[in-house]
Amino acid sequence: MTATRDPLPVRPLTAQDFTPFGDLLDTTGAPDKIINQGLCGRYHDRARIDVDGGRTGLSLFDAQPRTLPYRLEMLERHPLGSQAFLPLHQNPFLVIVAPDANGRPGQPQAFLTEPGQGINLLRGTWHGVLTPLFAPGLFAVVDRIAPEGEDPDANLEEHWLTTPVEVVAAQATALRS
């Protein structure tokens, strides 16, 4: 029989114990900020991502599920950086985007992701708020973190629609095509 070192016991992972090696990503406690018309808690900047020439952050969003038909009242965009949404579940979610029309959102388009799909919105893309259709609404979000001293809203433009748009489900056959 070959000699071995003392056994290495498995123990519960805690942020304090793991800090020398990395970051524990979770949504314990209250969100850092309530966003998206009061329907989404943002657990802001949860990882120490190191990039050259700037700072990219990883946050956890915990959004409340919505239902179809969905009332689209506002679109937003981020002129200083892209924004990636990675679901931490296998449920589809609603994605609403619109082309730019002279500094305002053009005709919106709505898409439904496949289970497990994430998206990356390009810089300056008009889009609806995070819209899960099922619980849990938990997503990892990779986006730009404002440098200290910069207005945190410098990377956010909101456009409230004069007339809200009702987003409805398509025919089941159309969703498969």
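Keep in mind that this is a model prediction, so the values were computed, not measured. (Residues numbered from 1 in each chain as written. Predicted model: local features only at pLDDT ≥ 70, side-chain atom pairs only at ≥ 80, totals over all residues. Heavy atoms only, no water.)

Participant: Can you tell me about unusual backbone geometry, naming the residues and giving the values?
Facilitator: For the peptide bond that leads from leucine 68 to proline 69, omega is 0°, which places it in the cis range. For proline 69, the location among the structural elements is in the loop between β3 (56-63) and β4 (70-77). Going from alanine 135 to proline 136, the amide bond is cis rather than trans, its omega being 0°. Inspection of the secondary structure puts proline 136 in the loop between β12 (131-132) and β13 (138-144). Notably, asparagine 102 is not glycine yet its phi reads approximately 55°, a positive angle. (Helix = DSSP H or I, 4+ residues; strand = E, 2+ residues; numbered from the N terminus.)

Participant: Explain the environment of glycine 128 residue by residue, including any values.
Facilitator: Along the chain, glycine 128 turns up in the loop between β11 (126-127) and β12. When its relative accessible area of 9% is taken as the criterion, glycine 128 is described as buried. For the pair glycine 128 and valine 97, spaced 31 residues apart in the sequence, the C-alpha separation amounts to 6.3 Å. Those residues in contact with glycine 128 that sit more than four places away from it in its chain are Leu72, Met74, Leu75 and Ile96. (Buried < 20%, exposed > 50% of the residue type's maximum accessible area, 1.4 Å probe, protein only. Contact = heavy atoms within 4.5 Å.)

Participant: Describe in detail the environment of asparagine 120, supporting the description with residues and values.
Facilitator: Its place among the elements puts asparagine 120 in strand β10 (residues 119-121). Among all residues touching asparagine 120, those that are not within four sequence positions of it are Ser82, Gln83 and Ala84.

Participant: Describe in detail the pattern of salt bridges, supporting the description with residues and values.
Facilitator: Counted by the stated rule, this structure contains six salt bridges. Put simply, aspartate 100 and arginine 77 hold a salt bridge, and the shortest N to O gap is 2.9 Å. Highlighted residues: aspartate 100 in strand β7 (residues 100-101) and arginine 77 in strand β4, separated in sequence by 23 residues. Given the relative accessible area of 44%, aspartate 100 is considered partly exposed. Between glutamate 157 and arginine 77 there is a salt bridge whose closest N-O contact spans 3.1 Å. Here arginine 77 lies in strand β4 and glutamate 157 lies in strand β14 (residues 157-167), a separation of 80 residues in the sequence. Classification of glutamate 157 by relative accessible area gives partly exposed; the value is 27%. Bridged by salt links that share partners, the residues Arg77, Asp100 and Glu157 form one connected network. (Salt bridge = Lys/Arg side-chain N within 4 Å of Asp/Glu carboxyl O.)

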